[in-house]
Amino acid sequence: HFDKINLEEIEYGIEELKIFERRIQQVLTPIYYLADEESRKSILEFAKEQEIEMKTALLEEDAGQIFLIILQEFDDGIRSSISGISKKFNEKRKEEGYKSVFSERKVAKIIREILKIETEQSTGGYYFIDVKVNRIKELSDYYGIIRAEPSGGQQSQLSQPDND
């Protein structure tokens, strides 16, 4: 099959695979490129199943669980504090049988470094989350959460969309 390969055709990926997360694209591109039409259909179905499983696993991780708390508060129009998120996250972990507790500092680090949500310090020394509408959408897509578009209610009052 080496004589059939034209790397210029796949240099920027294969159009049918662009709907998938980039790691899935990376793995499947060479296989998909060499496959016949029937096999390509099977590969696409397999990729869809794998992406669902991957997003489910990501959502079950600590960062995913913290994002769910942030998302709920965002949808409810609550300006989230790190201490409030930490408390809810630790309560959920306790209900699930975990004995260890995440410090506010550790939760804040996950929010800033993994979720890439900015935090700001208030005069009282507490940190609040500055959640942008576009970032909520990006993270919802990343975790496979389907959300209704905001109807001009509380979500739009919390934060303006990013300009990038």
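You'll find the structure just up there.
Given the structure is predicted, the values throughout are model-derived calculations rather than measurements.

## Quick notes on a negative patch on the surface
At step 1: On the surface, Glu16, Asp36, Glu37 and Glu38 cluster together to form a negatively charged patch.
At step 2: Exposure remark for aspartate 36: the relative accessible area of 46% places this residue in the partly exposed category.

## Comments concerning the packing of helix α2 (residues 22-34) against helix α3 (residues 37-60)
Packed helix pairs are characterised by how far apart their axes lie and by the angle those axes make with each other.
At step 1: As a packed pair, α2 and α3 sit with axes 11 Å apart at the nearest point and diverge in direction by 170 degrees. With respect to α3, the element α2 is oriented roughly antiparallel. Relative to α3, α2 is oriented so that their crossing is right-handed. Residue-level contacts link Arg23, Ile24, Leu28, Ile31, Tyr32 and Tyr33 of α2 to Arg40, Ile43, Leu44, Ala47, Gln50, Glu51 and Met54 of α3.
At step 2: For the contact of α2 with α3, a count of residues per class yields nine nonpolar, one polar and three charged.

## Thoughts on the pattern of salt bridges
When the charged atoms of two side chains with opposite charge come close together, those side chains can pair.
At step 1: Going through the model one piece at a time under the given rule, you end up with ten salt bridges.
At step 2: Aspartate 75 is the partner of arginine 147 in a salt bridge, and the nearest nitrogen-oxygen pair spans 2.3 Å. Taken as a pair, arginine 147 in the loop between α7 (133-143) and α8 (154-158) and aspartate 75 in helix α4 (residues 62-75) lie far apart in primary sequence, 72 residues in all.
At step 3: The class of arginine 147 is partly exposed, set by a relative accessible area of 23%.
At step 4: The salt bridge partner of glutamate 138 is arginine 135, with a shortest N-O separation of 2.8 Å. Of this pair, glutamate 138 and arginine 135 both sit in helix α7, three residues apart, roughly one helical turn.

## Re the environment of arginine 23
At step 1: By the secondary structure assignment, arginine 23 is in helix α2.
At step 2: When its relative accessible area of 38% is taken as the criterion, arginine 23 is described as partly exposed.
At step 3: For arginine 23 and glutamate 51, which are 28 residues apart along the polypeptide, the C-alpha to C-alpha distance reads 9.8 Å.
At step 4: The contacts of arginine 23, once residues within four sequence positions are left out, are Met54 and Tyr142.

## Quick look at the nonpolar core
At step 1: Counting residues in each nonpolar core, the largest one holds 37 residues, and the members touching the most others are Ile66, Ile70, Ile111, Leu115 and Tyr143.
At step 2: Secondary-structure elements contributing two or more residues to this core are α2, α3, α4, α5 (82-95), α6 (104-114) and α7.
At step 3: With seven residues, α4 is the largest single contributor of residues to this core.
At step 4: Not counting residues within four places of it along the chain, the set of residues in contact with tyrosine 143 comprises Lys55, Leu58, Leu59, Ala63, Gly64, Phe67 and Leu115.

## Some details on unusual backbone geometry
At step 1: Of note in the backbone geometry, lysine 116 takes a positive phi value of approximately 60 degrees without being a glycine.
At step 2: In this structure, lysine 116 sits in the loop between α6 and β1 (118-121).

Conventions used here
Residues numbered from 1 in each chain as written. Predicted model: local features only at pLDDT ≥ 70, side-chain atom pairs only at ≥ 80, totals over all residues. Heavy atoms only, no water. Patch = residues over 30% accessible without salt bridge, like charges linked within 9 Å, V, L, I, M, F, W, Y side chains within 5 Å. Areas by Shrake-Rupley, 256 points an atom, 1.4 Å probe, with all protein chains shown as cover. Salt bridge = Lys/Arg side-chain N within 4 Å of Asp/Glu carboxyl O. Lys, Arg positive; Asp, Glu negative; His and termini not counted. Charge placed at Lys NZ, Arg CZ, Asp CG, Glu CD. Buried < 20%, exposed > 50% of the residue type's maximum accessible area, 1.4 Å probe, protein only. Axes fitted to C-alpha atoms, helices over the stretch in contact; angles between N-to-C directions. Helix = DSSP H or I, 4+ residues; strand = E, 2+ residues; numbered from the N terminus. Parallel < 35°, antiparallel > 145°, perpendicular 65-115°, else oblique. Left-handed = near helix turned anticlockwise from the far one by under 90°. Contact = heavy atoms within 4.5 Å. Nonpolar A, V, L, I, M, F, W, Y, C, P; charged D, E, K, R; others polar. Core = buried A, V, L, I, M, F, W, Y, C linked by side-chain atoms within 4.5 Å.

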